Amino acid sequence: MAERDPTRPPPGEPALRVTTMPADANPYGDIFGGWLMSVMDMAAGLVAARRAKGRAVTIAVDAMQFHRPVGVGDEVSVYADLIKVGRTSLTIQVESWCRDRHGEQLCKVTEARFVFVAIDEHRKPRVIGE
């Protein structure tokens, strides 16, 4: 399998796209890493719930890497790729790409692997597809 070009976002549409706001920033004007992580979790959660055909909850975040800061007013596009489906769990690779509000150049700012578990109405793990 050929490696994907690391200077280009994943193929397809982002799972989520958002503009950063002043309330999301620290005193230096950089967006809080926790805010970015929560946006990534929301995007991965959309993919997980759709594939699980119901509720799925985050149980782990692996290999979180922050490559560069995100500024106020930047557009953040979050790509979420389902890479593994287990009996009750799903693993989703997530990348966040940023572009300046007035520019066109994209750069990868964050990536991580999110693990979800499908749960039933009693919040107990359930087999995916049931």
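This structure is a prediction, so every number in the text was calculated from the model and none was measured. (Residues numbered from 1 in each chain as written. Predicted model: local features only at pLDDT ≥ 70, side-chain atom pairs only at ≥ 80, totals over all residues. Heavy atoms only, no water.)

Participant: Could you give an account of the pattern of salt bridges, with specific residues and numbers?
Facilitator: Pairing of side chains with opposite charge becomes possible as their charged atoms draw close. Enumeration over the complete set of coordinates arrives at 5 salt bridges. The partner of Lys 108 in a salt bridge is Glu 95, with the nearest N and O atoms 3.9 Å apart. One end of the pair, Lys 108, is in strand β5 (residues 106-118); the other, Glu 95, is in strand β4 (residues 89-99), and 13 residues separate them in sequence. For the pair shown, Lys 108 and Glu 95 are each scored as buried. Among the ionic contacts, a cluster of salt bridges with common partners joins Arg 17, Glu 75, Arg 99 and Glu 104. (Salt bridge = Lys/Arg side-chain N within 4 Å of Asp/Glu carboxyl O. Helix = DSSP H or I, 4+ residues; strand = E, 2+ residues; numbered from the N terminus. Buried < 20%, exposed > 50% of the residue type's maximum accessible area, 1.4 Å probe, protein only.)

Participant: Describe the sheet that holds β5, with residues and values.
Facilitator: In space, the 5 strands of this open sheet follow the order β1-β3-β4-β5-β2, with antiparallel pairing throughout. Here the strands that pair on one side only, and so sit at the sheet edges, are β1 (16-19) and β2 (56-66). Neighbour-to-neighbour, the strand axes of the sheet open up by a mean angle of 25°, direction not taken into account. Bridge analysis of β2 against β5 gives 8 bridges, and the strand direction is antiparallel. In the sheet register, Ala 60 faces β5, and the bridge partner there is Val 115. (Pairing = 2+ DSSP bridges. Axes fitted to C-alpha atoms, helices over the stretch in contact; angles between N-to-C directions.)

Participant: A description of the pairing of strand β3 (residues 75-85) should follow, citing residues and the corresponding values.
Facilitator: As paired strands, β1 and β3 are joined by 4 bridges and run antiparallel to one another. Opposite Thr 19, over in β3, you have Glu 75 as the bridge partner. Where β3 meets β4, 10 bridges bridge the pair, whose relative direction is antiparallel. Note that in β4 the partner of Asp 81 across the bridge is Gln 93. A loop of 3 residues connects β3 with β4, the two strands running antiparallel in sequence.

Participant: Describe the side chain of Glu 111, listing the residues and the values that go with them.
Facilitator: Looking at the element boundaries, Glu 111 is found in strand β5. A distance of 3.5 Å separates polar atoms of two side chains, one belonging to Glu 111 and the other to Lys 108. (Polar contact = N/O pair within 3.5 Å; in protein donor to acceptor, adjacent residues only side chain to side chain.)

Participant: Please give an account of the environment of His 67 that cites residues and values.
Facilitator: Secondary-structure assignment places His 67 in the loop between β2 and β3. Accessibility expressed as a relative area gives 40% for His 67, which makes it partly exposed. Spatially, the C-alpha atom of His 67 lies 9.3 Å from that of Cys 107, the residues being 40 residues apart in sequence. In contact with His 67, not counting residues within four places along its chain, are Lys 108, Val 109, Thr 110 and Glu 111. A distance of 2.7 Å separates polar atoms of two side chains, one belonging to His 67 and the other to Glu 111. (Contact = heavy atoms within 4.5 Å.)

Participant: Account for unusual backbone geometry, naming residues and giving values.
Facilitator: The residue Lys 53 is not glycine, and still its phi comes out positive at about 55°. Topologically, Lys 53 is positioned in the loop between α1 (33-52) and β2. We classify Lys 53 as exposed; its relative accessible area is 65%. Positive phi values are uncommon outside glycine, yet Ala 63 reaches one of about 55°. Note that Ala 63 resides in strand β2.

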